[in-house]
Amino acid sequence: MESSAPSTTDPAEPIICRVTRWYFRRMGMLAGLLLVFGLVFLYDGMRGYPKSVELAKKKEWFTTEFLPSFDSAKKEGRLEQWIADAKSKGLPTGQEGEPPRWVSYAAQNGWEEDPKLYSQREIDEQFWFAYGCMAAALITVAVLLKNRGKVLRGESDHWVTPEGVKILYSDVFRVDKRKWEHKGLAYAWHRSEGSEKRAVIDDLKFGGADKVLERLLVRFSGELIEKVSAPADDGGAPAENSK
């Protein structure tokens, strides 16, 4: 885990934990991903879906009107004139008296073989998804900027949360560090103004938060909840342990 706090054993020296580069990278990647999704949805609403609808209608016309006209012309002996008219309009004419095929016509023009006929509701939804993703990207950037200057500070008898709340080590009565090993999260319950509250110590977000937790564990007297490994010959799963 990234650490920006001073390496010291002096219990009186403050521990300053600033936001880690990992947090900025993660939030930046999230904002970028949301923006990309938003642009993709926007493209689908403005261009992708309407183009598919246009092709689907063209395929429907090809199947229900153009091909029957070929059959009629062939039955009536007007096939040569029909072929000449189709060529003048840039339409397929088939080969050796056989009717033209949509698959070949679509491939010739680089179109989808089976375009989807989207409803207007489905097209409108793409814009809502786009606006939602872009709004989420802006919110993510705003949260990132808001957290940029936050600091977790550990003092000799208390620590100050990134939100500016002062918590005495002596007021803590329970610490839960079951998520510490894998997620860098510890929860500390403390008494404040006659009520019980929970504070979070996040070592992935604030480099050096592990030193604040160490100082807390040395100074508080209460319940410690943590995961402990089962004995090697037990064969059981890790068990939770409360001290």
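Residues numbered from 1 in each chain as written. Predicted model: local features only at pLDDT ≥ 70, side-chain atom pairs only at ≥ 80, totals over all residues. Heavy atoms only, no water.

A few points about helix 4 (residues 120-147)
1) Next: Here helix 4 contains 28 residues, and its C-alpha end-to-end distance of 41 Å stays within 8% of the 40 Å for a straight helix at 1.5 Å per residue.
2) Next: Considered for burial, the residues of helix 4 that qualify are I123, Q126, A130, C133, A137, T140, L144 and N147.
3) Next: Considering only its buried residues, helix 4 is in contact with helix 1 (21-75). (Helix = DSSP H or I, 4+ residues; strand = E, 2+ residues; numbered from the N terminus. Expected span 1.5 Å × (residues − 1). Buried < 20%, exposed > 50% of the residue type's maximum accessible area, 1.4 Å probe, protein only. Contact = heavy atoms within 4.5 Å.)

Comments concerning the sheet that holds strand 4 (residues 166-168)
1) Next: Spatially, the four strands line up as an open sheet ordered 1-2-3-4, and their pairing is antiparallel. Two strands lie at the open edges of the sheet, namely strand 1 (15-18) and strand 4, each paired on one side alone. Neighbour-to-neighbour, the strand axes of the sheet open up by a mean angle of 15 degrees, direction not taken into account.
2) Next: As paired strands, strand 3 (residues 158-160) and strand 4 are joined by three bridges and run antiparallel to one another. Bridging across to strand 4, W159 finds its partner in I167.
3) Next: Helix 6 (residues 209-219) rests against strand 1, strand 2 (151-154) and strand 3 of the sheet, and its axis sits at about 140 degrees to strand 1. (Pairing = 2+ DSSP bridges. Axes fitted to C-alpha atoms, helices over the stretch in contact; angles between N-to-C directions.)

So, the environment of N109
1) Next: With respect to the helices and strands, N109 occurs in helix 3 (residues 102-109).
2) Next: One polar contact links the side chain of N109 to the main-chain carbonyl oxygen of Y105, over a distance of 2.8 Å. (Polar contact = N/O pair within 3.5 Å; in protein donor to acceptor, adjacent residues only side chain to side chain.)

Observations regarding the confidence of the model for the chain
1) Next: Put simply, the chain has an average pLDDT of 89, and 89% of its residues get 70 or more.
2) Next: Every residue in residues 1-8 scores below 50 in pLDDT, and together they form 32 contacts with partners more than four places removed in sequence or on other chains. (pLDDT = per-residue confidence, 0-100.)

Concerning the pairing of strand 7 (residues 195-202)
1) Next: Examined bridge by bridge, strand 6 (residues 185-192) and strand 7 share eight bridges and lie antiparallel to one another. If you follow W189 over to strand 7, its bridge partner there is R198.
2) Next: Hairpin connection from strand 6 to strand 7: two residues lie between these consecutive antiparallel strands, with E193 at a positive phi of about 55 degrees.

Digging into the environment of K179
1) Next: Tracing the chain through its elements places K179 in the loop between strand 5 (172-176) and helix 5 (180-183).
2) Next: Looking at K179, the relative accessible area reads 40%, which means it is partly exposed.
3) Next: C-alpha of K179 to C-alpha of E226: the two residues are 47 residues apart in sequence and 8.3 Å apart in space.
4) Next: K179 has contacts with G184, L185 and Y187, leaving out every residue within four places of it along the chain.

Topic: the side chain of N147
1) Next: Note that N147 resides in helix 4.
2) Next: By relative accessible area, which is 5% here, N147 ends up buried.

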